[in-house]
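So the chains spell out like this:
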Amino acid sequence: MTAVATPAGAVSRNTVDWHAINWHNAHTIVRRLQARLVKATQMGRWGKVQALQRLLTHAFSAKVLALDPIAETLAEPNSYGFRLERSPADAIAQCHRVLSLRWSAQWILEGDIRSGFDSISHDWLLANIPMEKAILRQWLTAGFMDKHVLSPTATGVPQGGIASPVLMNLTLNGLERHIRGAFPRFQGSQRTKVHVLRFADDCIITGRTRAFLEQEVRAFARQDPDHA
């Protein structure tokens, strides 16, 4: 197997053997670029973010590795699906922490976003996902092959696509913040007992009573104005 050999950000048509690649150097280059991306994102320097993303996506080192996405910088604390160094076991452990105490919530609202991967708006993704728009547009509209048949992707992101889980997480970032902001720890003298835990497009929301979850929390969650 051969790969294009070029320094970070440069373009080359030379090829090298896959096994001859300097992997330590590739990892070092990618980690440095990612660290700069994280810093620029935290500072809100979106022009710098865009420039670094273009550099990263055109770098030979990045093309030969699995990338740690900028989504990690923007991720919410109780998002567990398709994230680095997180697993279903971590989500289960957090459920135990918020539900196992004597004063914990006794009710949960289980949410599953219907056709979550299939119905995300391409226009919303292009307007809100912090990556190079031309590459994102090409990926979204490339279609997918199944049993030698090409299927179009006019909406949503294909389940099983390498970037789909990251895009799903970026789309749903803000859900936890949105709900916790509307239902803080106390309403008057009563504890709301609201916690939001999400695994990809599945989530649970805890609350003090069934009526509170059904009549207030669920209705509010459906009105989330920030997402497609």
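Bear in mind that the values here come from a model prediction, so they are computed numbers and not experimental data.

Visitor: Could you clarify how one ought to interpret a positive patch on the surface in this entry?
Guide: On the surface, Arg36, Lys39, Arg45 and Lys48 cluster together into a patch of positive charge. For Arg36, a relative accessible area of 41% corresponds to the partly exposed category.

Visitor: I tried to follow unusual backbone geometry on my own but got confused; where do I start?
Guide: Most peptide bonds take the trans configuration, and most residues that are not glycine carry a negative phi. Positive phi outside glycine occurs at Lys193, with the angle close to 60°. By the element assignment, Lys193 lies in the loop between β7 (190-191) and β8 (196-199). Phi at Ala200 takes a positive value of approximately 60°, unusual for a residue other than glycine. Mapping Ala200 onto the fold places it in the loop between β8 and β9 (202-207). For Ala200, a relative accessible area of 5% puts it in the buried group.

Visitor: What exactly am I supposed to notice about the sheet that holds β9 here?
Guide: Backbone-to-backbone hydrogen bonds pair the strands of a sheet. The strands run either parallel or antiparallel. The antiparallel open sheet is built from three strands, whose spatial order is β3-β9-β8. The open sheet is flanked by β3 (107-112) and β8, the only strands paired with a single partner. Adjacent strand axes in the sheet meet at a mean angle of 15° when their direction is disregarded. Summarising the sheet, β3 and β9 pair through six bridges and their orientation is antiparallel. The partner of Leu109 across the bridge, within β9, is Ile205.

Visitor: Before we go on, may I ask you to explain the nonpolar core in this structure?
Guide: Across soluble globular proteins, nonpolar side chains show a tendency to be buried alongside one another. In this structure, Leu37 and Val64 are the most contacted members of the largest nonpolar core, which totals 16 residues. Every element with two or more residues in this core is listed here: α1 (23-42), α2 (46-57) and α3 (60-63). Counting residues per element, this core draws most heavily on α1, which supplies six residues. If you look at the next biggest cluster of nonpolar residues, it comprises 14 residues, including Leu125, Leu136, Leu140 and Met168.

Visitor: What should I look at first to understand empty space enclosed by the protein in this one?
Guide: Empty space among the atoms becomes apparent when a probe as large as a water molecule is rolled across them. Counted under the stated rule, the structure contains one cavity of 30 Å³ or more. Empty space within the largest cavity amounts to approximately 40 Å³. In terms of lining, the largest cavity is formed by Glu76, Asn78, Ser79, Leu175, Glu176, Val196, Leu197 and Arg198. Going through the elements one at a time, α10 (175-182) and β8 are the ones with two or more residues in the lining of the largest cavity. By residue class, the composition of the lining of the largest cavity is three nonpolar, two polar and three charged.

Visitor: How should the packing of aromatic side chains be read in this particular structure?
Guide: Aromatic rings considered in pairs are described by the distance between their centres and by the relative angle of their planes. Counting across every chain of the model gives three aromatic pairs. Measuring from centroid to centroid gives 6.3 Å for Phe82 and Phe199, while their planes differ by 50°, and the two rings are tilted. Of this pair, Phe82 sits in the loop between α4 (71-74) and α5 (88-99) while Phe199 sits in strand β8, and the two are 117 residues apart along the sequence. Judged by relative accessible area, which is 29%, Phe199 ranks as partly exposed. Measuring from ring centre to ring centre gives 5.5 Å for Phe183 and Phe212, while their planes differ by 90°; the resulting arrangement is edge-to-face.

Criteria and thresholds
- Residues numbered from 1 in each chain as written.
- Predicted model: local features only at pLDDT ≥ 70, side-chain atom pairs only at ≥ 80, totals over all residues.
- Heavy atoms only, no water.
- Patch = residues over 30% accessible without salt bridge, like charges linked within 9 Å, V, L, I, M, F, W, Y side chains within 5 Å.
- Areas by Shrake-Rupley, 256 points an atom, 1.4 Å probe, with all protein chains shown as cover.
- Salt bridge = Lys/Arg side-chain N within 4 Å of Asp/Glu carboxyl O.
- Lys, Arg positive; Asp, Glu negative; His and termini not counted.
- Charge placed at Lys NZ, Arg CZ, Asp CG, Glu CD.
- Buried < 20%, exposed > 50% of the residue type's maximum accessible area, 1.4 Å probe, protein only.
- Helix = DSSP H or I, 4+ residues; strand = E, 2+ residues; numbered from the N terminus.
- Pairing = 2+ DSSP bridges.
- Axes fitted to C-alpha atoms, helices over the stretch in contact; angles between N-to-C directions.
- Core = buried A, V, L, I, M, F, W, Y, C linked by side-chain atoms within 4.5 Å.
- 1 Å grid on protein atoms, 1.4 Å probe; cavity = no way out; pocket = protein on both sides within 12 Å on 5 of 7 lines; lining within 4 Å.
- Points joined across faces, edges and corners; volume = space filled by probe spheres on them.
- Nonpolar A, V, L, I, M, F, W, Y, C, P; charged D, E, K, R; others polar.
- Phe/Tyr/Trp six-rings, centres within 6.5 Å; stacked < 30°, edge-to-face > 60°.

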